[in-house]
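As a plain string of letters, each chain reads:
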Amino acid sequence: MHEGANASDRTDVDVVIVGAGFAGLYMLHEQRKAGRSAVVLEAASGVGGTWYWNRYPGARCDIESLEYSYSFDEDLQQEWQWSERYATQPEILQYLEHVADRFDLRRDIRFDSRVLAATWDDDAATWTVRTEAGDQIAARWVVMATGCLSSTMLPDIEGAATFAGPTYHTGRWPHEGVDFTGLRVGVIGTGSSAIQAIPVIAEQAAHLYVFQRTPHYTVPAHNAPLDPAVRGRIKVDTTIKCHPYNYRPILSCAHILQDIVPNDRPRNRVSLRDGVAGARGPPSPHMVGDPLARPGLRARVFARELLPRRWRETVVAASADPR
Ligand SMILES: Cc1cc2nc3c(=O)[nH]c(=O)nc-3n(C[C@H](O)[C@H](O)[C@H](O)COP(=O)(O)OP(=O)(O)OC[C@H]3O[C@@H](n4cnc5c(N)ncnc54)[C@H](O)[C@@H]3O)c2cc1C
């Protein structure tokens, strides 16, 4: 910014958007359509947001792929073909990269640009946005499309800093993947990410320990390749997808209820409360739950895969401070 210039001279762009996930990409597209200049500042080296960072084994969406996609462009809706009912992380990332290319979004995105500060100047009616690299951009508007799940939370576990083995966080998974073949692995947590990762890691690991503080209920996802007939029907009439009284989510909920109700009977529960996994009745291949964690009282997590036989043979679950 230079002194003496009026507010409009000082504005490098109309809008600074922070984040290039689902929200940031769409926001950039909309700003252009409205005739405003915009720049996206993104800490990562690519687009995708959540789906750029979360590359852990088994990562998928919990919402049906046909609904977990943009609805602002009819051609995009018609041309993109999801392959499974619940898309994997690589497929969702591919979709977002396709969107970035299709709408020529990348030319207004600055990657590896972490925003450190945004300061409002009342007199100039301008934001000054500063990045870690020292860039400063003046803008009339700032949109924080920073999501709520793109940063990581590392619990303060005693001894973690001196643990000699490699450690990973699902939200910062190495791009080249991790080979757990023959290793003894510990997974901390049994939330949505862990419940997706555990069956896949268990396929490789010699032994997998699962450490759980708070038990969750899980319901089977019934994932499958997308039936081309269903996909075709929805593509023909995208109002099925967009209508507020859309029958599809209602059907999804009905499926979930169907799964929860029988799972509330003893034969389908697995208790992780007693230090080591103990089954009350024959364990359901889906359940990592607790009889006291009633469905609806805690976040529901969706088990993507049937937990394979090997899961039960190699996995030991320890539960501390069960609530
Ligand atoms: C494993 C997983 C599965 C999920 N499944 C579903 C699902 O099935 N259905 C559903 O509706 N939601 C799901 N979510 C939630 C998901 O986060 C949202 O659906 C959606 O992707 C959020 O998009 P977003 O653009 O708002 O934010 P994000 O995708 O989080 O993007 C935010 C971006 O902002 C960037 N950023 C943050 N701070 C800064 C900064 N200071 N400077 C520069 N850049 C910054 C980040 O690097 C990131 O790229 C899931 C989340 C996870 C982690």
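Only a predicted model underlies this, so the values are computations on that prediction, with no experimental measurement involved. (Residues numbered from 1 in each chain as written. Predicted model: local features only at pLDDT ≥ 70, side-chain atom pairs only at ≥ 80, totals over all residues. Heavy atoms only, no water.)

1. With respect to the site of the ligand
Taken together, 27 residues are adjacent to the ligand, and E42, T50, D62, Y68 and V115 come closest. A distance of 3.5 Å separates an oxygen atom of the ligand from a polar atom in the side chain of W51. Within the side chain of W53, an N or O atom sits 3.0 Å from an oxygen atom of the ligand. When isolated, the ligand has an accessible area of 990 Å², and the protein chains bury 81% of it. Under a 2 Å grid-point criterion requiring more than half of the atoms, the pocket assigned to the ligand is the second largest pocket. Elements supplying a minimum of two residues to the shell around the ligand: helix 2 (22–33) and helix 3 (50–53). It is helix 3 that contributes the most residues to the shell around the ligand, three residues altogether. A class-by-class count of the residues in the shell around the ligand yields 14 nonpolar, nine polar and four charged. (Near = heavy atom within 4 Å. Polar contact = N/O pair within 3.5 Å; in protein donor to acceptor, adjacent residues only side chain to side chain. Areas by Shrake-Rupley, 256 points an atom, 1.4 Å probe, with all protein chains shown as cover. 1 Å grid on protein atoms, 1.4 Å probe; cavity = no way out; pocket = protein on both sides within 12 Å on 5 of 7 lines; lining within 4 Å. Sits in = over half its atoms within 2 Å of the grid points. Helix = DSSP H or I, 4+ residues; strand = E, 2+ residues; numbered from the N terminus. Nonpolar A, V, L, I, M, F, W, Y, C, P; charged D, E, K, R; others polar.)

2. Side note on the layout of surface pockets
Size it by volume and the second largest pocket reaches roughly 490 Å³. Taken together, 28 residues form the lining of the second largest pocket, with G19, A145, T146, G147 and S150 sitting closest to its centre. Listed by contribution, the elements that provide at least two residues to the lining of the second largest pocket are helix 2 and helix 3. Residue composition of the lining of the second largest pocket, by class: 14 nonpolar, eleven polar and three charged. (Points joined across faces, edges and corners; volume = space filled by probe spheres on them.)

3. A closer look at the sheet that holds strand 6 (residues 136–144)
Strand order in the open sheet formed by six strands is 3-2-1-6-5-4, and the pairing between neighbours is mixed. Each end of this open sheet is capped by a strand with a single partner; those strands are strand 3 (109–110) and strand 4 (115–121). With two bridges joining them, strand 2 (residues 38–41) and strand 3 adopt parallel strand pairing. Counted as the bridge partner of V40 is I109 from strand 3. (Pairing = 2+ DSSP bridges.)

4. Points about the confidence of the model for the protein
Model confidence for the protein is summarised by a mean pLDDT of 78, while 69% of its residues fall at 70 or above. Segment residues 262–300 is flagged for pLDDT under 50; beyond a separation of four residues in sequence, or across chains, it makes 98 contacts in the model. (pLDDT = per-residue confidence, 0-100. Contact = heavy atoms within 4.5 Å.)

5. Quick notes on the environment of L76
Relative to the helices and strands, L76 is located in helix 4 (residues 74–79). When the C-alpha positions of L76 and F103 are compared, they lie 10.0 Å apart, and in sequence the two are 27 residues distant. Setting aside residues no more than four positions away along its own chain, L76 makes contact with Y70, Y95, H98, V99, R102 and F103.

6. Digging into the pairing of strand 7 (residues 184–188)
On strand 7, burial follows the alternation: V185 and V187 on one face are buried, whereas R184, G186 and I188 on the facing-out side are not. Bridge count between strand 7 and strand 8 (residues 207–212): five bridges; the pairing is parallel. Bridge pairing links V187 to V210 in strand 8. After leaving strand 7, the chain enters helix 6 (residues 192–204) and then returns to the sheet as strand 8, a path that is right-handed. (Buried < 20%, exposed > 50% of the residue type's maximum accessible area, 1.4 Å probe, protein only. Right-handed = clockwise from strand over helix to strand, strands pointing away.)

7. Here's the deal with the pairing of strand 5 (residues 126–131)
Pairing analysis gives six bridges linking strand 4 to strand 5, with the strands arranged antiparallel. Bridging from a neighbouring strand, A117 pairs with R130 of strand 5. Remark: four residues form the turn of the hairpin made by strand 4 and strand 5, two consecutive strands paired antiparallel; A125 in that turn has positive phi of roughly 50 degrees. Sheet analysis places strand 5 next to strand 6, joined by four bridges and oriented antiparallel. Along strand 6, the bridge assignment pairs W127 with A139.

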